[in-house]
Amino acid sequence: MMVGPQYDLVGNPLGAVRTTFEKAAAAAAVESGGRDPVAAFRSKDWGASEVFRSFLFDQGGIDRVPVLDASNLGLIKPNTLVRFRGMVQDMLGNEFYAGAFKVPGQNSWTLESSPGPDLRQMSNCLSPEQREKRKRDGDDDAMDKEDDVQISSGPAVMPASEGVPEMNGNDHHIPGSSFSCLVKIYDMPDSQVKLNDVAEFIGVYTFDPELAAPNDNSDDIMFDLIEDVTAQLPPSKVPRLHCLVWRKLSSQDFIAKQSVELRTRVDVVTVGRLSLNFTGFNRESASIFGNHLNTLIQRLVPYSQAIPLSIEYLNTATLQPRKDNKTGRLVTGVLQQPQGTHLTFDETVLQSGSLTSKGVENSVLLKNLMESLMVEYDFEYYKMEMATDVQMLTLSEGKSNILPSDLVVPFRPSTVPAVTASPEELESWRWYLATVRSLPQSNEPEILQTIQDEMVSAMREDRSLGCSELSRWLTMAQITASSFGEKSISMEHWQMVKELERLRKQRMQ
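Each value, and the rule that gives it
Note that residues are indexed from 1 along each chain, following the sequence as it is written. The predicted origin of the model limits local features to residues at a pLDDT of at least 70 and limits the giving and counting of side-chain atom pairs to 80 or more, whereas totals for whole chains, interfaces and linings rest on all residues. Values reported for side chains reflect all heavy atoms of the structure, with hydrogen atoms and water molecules removed beforehand. Working definition: helices are DSSP H or I runs of at least four residues, strands are E runs of at least two. Numbering for both runs from the N terminus. A helix is expected to span 1.5 Å multiplied by its residue count minus one. To get the bend at any residue, fit one axis to the seven residues that end at it and another to the seven that begin at it, then take the angle between the two axes. Relative accessible area decides the class of each residue, using a 1.4 Å probe on protein chains only: under 20% of the type maximum gives buried, over 50% gives exposed, and in between gives partly exposed. Whether two residues are in contact is decided by their heavy atoms: any pair within 4.5 Å suffices. What qualifies as a polar contact is a pair of N or O atoms within 3.5 Å, subject to a donor-acceptor requirement within protein and to the restriction that residues adjacent in sequence count only when both atoms come from side chains. Residue types Ala, Val, Leu, Ile, Met, Phe, Trp, Tyr and Cys, when buried and joined through side-chain atoms within 4.5 Å, form a set referred to as a nonpolar core. By convention, a stacked pair of Phe, Tyr or Trp rings (six-membered ring in the case of Trp) has centres within 6.5 Å and planes under 30 degrees apart, an edge-to-face pair has planes over 60 apart, and any other such pair is tilted. A fitted line through C-alpha atoms represents every axis, and for helices the fit uses only the stretch in contact; the resulting angles, taken between N-to-C directions, go from 0 to 180 degrees. Any angle that is under 35 degrees is reported as roughly parallel, and any over 145 degrees as roughly antiparallel; angles of 65 to 115 degrees are reported as roughly perpendicular and all others as oblique. Note: crossing handedness is left-handed where the near helix turns anticlockwise from the far helix by less than a right angle, and right-handed where it turns clockwise. Three classes are used: nonpolar for Ala, Val, Leu, Ile, Met, Phe, Trp, Tyr, Cys and Pro, charged for Asp, Glu, Lys and Arg, and polar for all others, with Gly counted as polar. A pairing counts as a salt bridge when a side-chain nitrogen of Lys or Arg comes within 4 Å of a carboxyl oxygen of Asp or Glu. Two cysteine sulfurs form what is called a disulfide whenever their separation falls within 2.5 Å. Paired strands are those between which DSSP finds at least two bridges.

J.: Explain helix H5 (residues 283-300) to me, and be specific about the residues and the numbers.
T.: Here H5 contains 18 residues, and its C-alpha end-to-end distance of 25 Å stays within 8% of the 26 Å for a straight helix at 1.5 Å per residue. Along H5, the largest kink reaches about 30° and is centred on phenylalanine 289. All of the buried residues in H5 are Ser285, Ala286, Phe289, Gly290, Leu293, Asn294, Ile297 and Leu300. In this fold, the buried residues of H5 make contact with strand S9 (276-279), strand S10 (304-308), strand S13 (341-346), strand S16 (390-395) and helix H8 (423-437). Backbone nitrogen of glutamate 284 and a side-chain oxygen of the N-cap are separated by 3.1 Å at the start of H5; the cap is asparagine 282.

J.: I'd love a proper account of the side chain of threonine 332, names of residues and values included.
T.: For threonine 332, the position within the fold is in the loop between strand S12 (329-331) and S13. Polar side-chain contacts of threonine 332 include one of 2.9 Å to the side chain of glutamine 336.

J.: Got a sec to walk through the nonpolar core? Specific residues and values, please.
T.: Within the largest apolar cluster, 42 residues are counted, with the highest numbers of intra-cluster contacts made by Leu68 and Phe345. In this view, phenylalanine 345 contacts Ile307, Leu309, Leu366, Met370, Met392, Leu393, Thr394, Leu395 and Leu403; residues no more than four positions away in its chain are not counted.

J.: Describe the packing of aromatic side chains, naming the residues involved and giving the relevant values.
T.: Counting across every chain of the model gives 6 aromatic pairs. Plain terms: the ring middles of phenylalanine 201 and tryptophan 246 are 6.1 Å apart, the flat faces sit at 20° to each other, and that makes the pair stacked. Of this pair, phenylalanine 201 sits in strand S5 (residues 198-206) while tryptophan 246 sits in strand S6 (residues 240-248), and the two are 45 residues apart along the sequence. Exposure class is identical for phenylalanine 201 and tryptophan 246. Each is buried. With a centroid separation of 5.2 Å and an interplanar angle of 10°, the aromatic rings of phenylalanine 379 and tyrosine 382 are classed as stacked. Taken together through their ring pairs, the aromatic side chains of Phe278, Phe281, Phe289 and Phe411 make up a single cluster.

J.: Could you give an account of the side chain of glutamine 337, naming the residues involved and the relevant values?
T.: On the secondary structure map, glutamine 337 appears in the loop between S12 and S13. In this structure glutamine 337 comes out as buried when scored by relative accessible area, which is 4%. A polar contact is formed between the side chain of glutamine 337 and the backbone oxygen of valine 334, at a distance of 2.7 Å.

J.: Just give me the short version of the packing of helix H9 (residues 445-461) against helix H11 (residues 491-508), but keep the residues and values in it.
T.: Axes are the key here: two packed helices are described by the angle between their axes and the distance separating the axes. At their nearest, the axes of H9 and H11 sit 10 Å apart, and the two run at 25° to each other. Our classification of the angle between H9 and H11 gives roughly parallel. Crossing geometry of H9 relative to H11 is assigned as right-handed. Here Ile447, Thr450, Ile451, Glu454 and Met455 of H9 lie close against H11, whose contacting residues are Met491, Trp494, Gln495 and Lys498. A breakdown of the residues in the contact of H9 with H11 according to their chemical character gives 5 nonpolar, 2 polar and 2 charged.

J.: Describe in detail H8, supporting the description with residues and values.
T.: Over its 15 residues, H8 runs 21 Å from end to end, which matches the ideal 21 Å to within 8%, given 1.5 Å per residue. Regarding H8, the residues found buried are Leu426, Arg430, Ala434 and Val436.

J.: An account of the packing of helix H10 (residues 467-483) against H11 is needed here, citing residue identities and associated values.
T.: Contact geometry of H10 with H11 gives a least axis separation of 9 Å together with a crossing angle of 120°. Relative to H11, the element H10 is oriented oblique. Crossing of H10 against H11: the hand is right-handed. Each of Arg472, Trp473, Met476, Ala477, Thr480 and Ala481 in H10 lies in contact with H11, whose residues at this interface are His493, Trp494, Met496, Val497, Glu501 and Arg504. Among the residues making up the contact of H10 with H11, the classes are represented as 7 nonpolar, 2 polar and 3 charged.

J.: Describe in detail the pattern of salt bridges, supporting the description with residues and values.
T.: Applying the stated criterion to the full structure yields 9 salt bridges. For glutamate 454, the salt bridge goes to lysine 498, with nearest N and O atoms at 2.8 Å. Highlighted residues: glutamate 454 in helix H9 and lysine 498 in helix H11, separated in sequence by 44 residues. On the basis of relative accessibility, which here comes to 25%, the residue glutamate 454 falls in the partly exposed class. Of the charged contacts, one joins arginine 504 and glutamate 501 as a salt bridge, the two residues approaching to 2.9 Å between their closest N and O atoms. Of the two residues, arginine 504 and glutamate 501 are both situated in helix H11; the distance of 3 residues between them amounts to about one turn of the helix. Judged by relative accessible area, which is 5%, glutamate 501 ranks as buried. Where salt bridges share partners, they join Arg83, Arg85, Glu200 and Arg247 into one cluster.

J.: So what's going on with the state of the cysteines? Which residues, and what values?
T.: Scanning the model with the defined rule gives 0 disulfides in all. Lacking any disulfide linkage, cysteine 181 is separated from the closest cysteine sulfur, that of cysteine 243, by 10.0 Å. Overall, cysteine 181 belongs to the buried group, its relative accessible area being 0%.

J.: Tell me about the sheet that holds strand S17 (residues 407-410), residues and numbers included.
T.: With parallel pairing, 5 strands are arranged side by side in an open sheet as S10-S13-S16-S9-S17. Strands with a single pairing partner mark the edges of an open sheet, and in this sheet they are S10 and S17. Each strand of the sheet is rotated relative to its neighbour by a mean of 20°, with strand direction disregarded. Bridging between S13 and S16 involves 6 bridges; their strand directions are parallel. Bridge pairing links histidine 342 to glutamine 391 in S16. Running at roughly 175° to S13, H5 makes contact with S9, S10, S13 and S16 of the sheet.

Below is the structure:
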C-alpha cells in the first residue's frame, strides 16, 4: 500500500526540508557514532531535493505549484512552494553560510519549533538576481557558498497559455521587464547557470512588504565596510525565492525553440548568422506592413522587441549593459536579451541629424551585434564581449548603412492579408518552428565536398565574393534543410538556395 507524504510539499515545503534533515541527521549521528555528526554532512545532500523532484516530475505535482508573477504577488502565502520563470539578468557575488551545525547543550524539543532564524535569514538573502548557492570543495569547516543572480520576468516569459507577447514592461528595477525576484540556488557547479539564461525556479517563496531596505547611516562604520547589494533590492519590493529545483527553459516550454544550434564562430566569420534587411519601406508602409510583421513575429516566437532606430533613440537609449560598482549590480541594457530573441529595427524613422558620442557608441554596438553576434558589457574598469543569440530584421528604405545585414531583400507586397489564424493553428506553427530550429545538423562529406567545389568555382568567376557570402549560402542551405525536417543538406536543398539567391539578385536590379 502506498502512503502519501506526511507533509504538504506545496503548503509547507519547509516541513519537508526539516523532516528530511532530521532523518539525515539521525543517520549521520549513527554513522559517526555520535562523535561528529556534522562531519557526515560534508559534501552531501540530505535528500530534500530528491523528495521535491519526485513530487514535481514523477508524481505530476508541478501542476499544483502556482506561478509567481506580479498579478498574484500579494495573494500567495509566504513560505509556500512557488514557480518563477525569468531571465538571469545579473549574477551577484558568493554568499557563505553554515551548511549544518550543532548548538552545544541544545535540547531536542527546541528542534520542533518553526523554521528558525537560520532559514529565515537565508530567505532574506534571496534576490531578483538568481542567487546560486554551492559548496566549496574540500572545505573542512562545513561552510557553503552561494552566488546571487538577478532574475527578471517579463510578459515574454509567462506560461504558453498566456500567449507570446513582446518583451516590454516598465519595472523600475529592470528596464524591459515587469517583475523581478531574487533567487538563491544551492549546491550547483559554477557553469550551470549563465547570464541571460531563461529558467524556471521552484522553491520556497518569502516576501515581507513591511521590511524596508537598510538605512545608509554615515555614522555606522560597519555599513561602510559591508557591501550588500541586496540593500538595493528591498524585500518590500522584490520577493525572495529559495530554490529547491530548477531547470532551463527551451522555447518548447513557450511553444517555440529559443536556441539555434547552427551558430559557431570561425576566426572573424560567424558561421550560421543570418540577419535580414527588408528594403523598400517608408514611414507609411512601415506603419502598415511593418506592424503586421511585428504582430506576426510576436505571436510566433517567445521573445521579440521592436526598436525605432531614430537619431533621438540612438542618442538617448541605453543599449550596453554596464556594471554599477557602487551598488554591485549589473544595469541592464536593451541588448541584454534572452537567447533566441527576435529584434526588429525600424530605420524608416531615421532623419537627418547629428549623433552624440553616445549615439556613435550605440551605432558601433549595433554594428558589432550584426557582424559578430557579440554584445560588449561595460564593467567600468574593463569591457568584455559576450556571445548572444538573436535574430535581427531591419526595415529601411534603401540598404541600411547603420546595420549591415547579411541578406538584403527588396520588399514588394501587393496586399495586406489579414492574420486570422486560430489558436490551434498558431500553436502548430510554434511547434513547427520549435522543431525545425532544434534539429541537429550532420551533413554527408560527399555533399559538403560538392558544395565546396561549387563555392570555389563561384569565387573564381566573381572576385567580389568573400567568406561572408559563402558562409551565408551554407547557412541558408542548412536552414532550408531544417525547414523540410531534414538533419542534413541534400543537393536538392542546395539547388533551392541557389535559385533563391538568383531571384533575390534579379529583384535587386
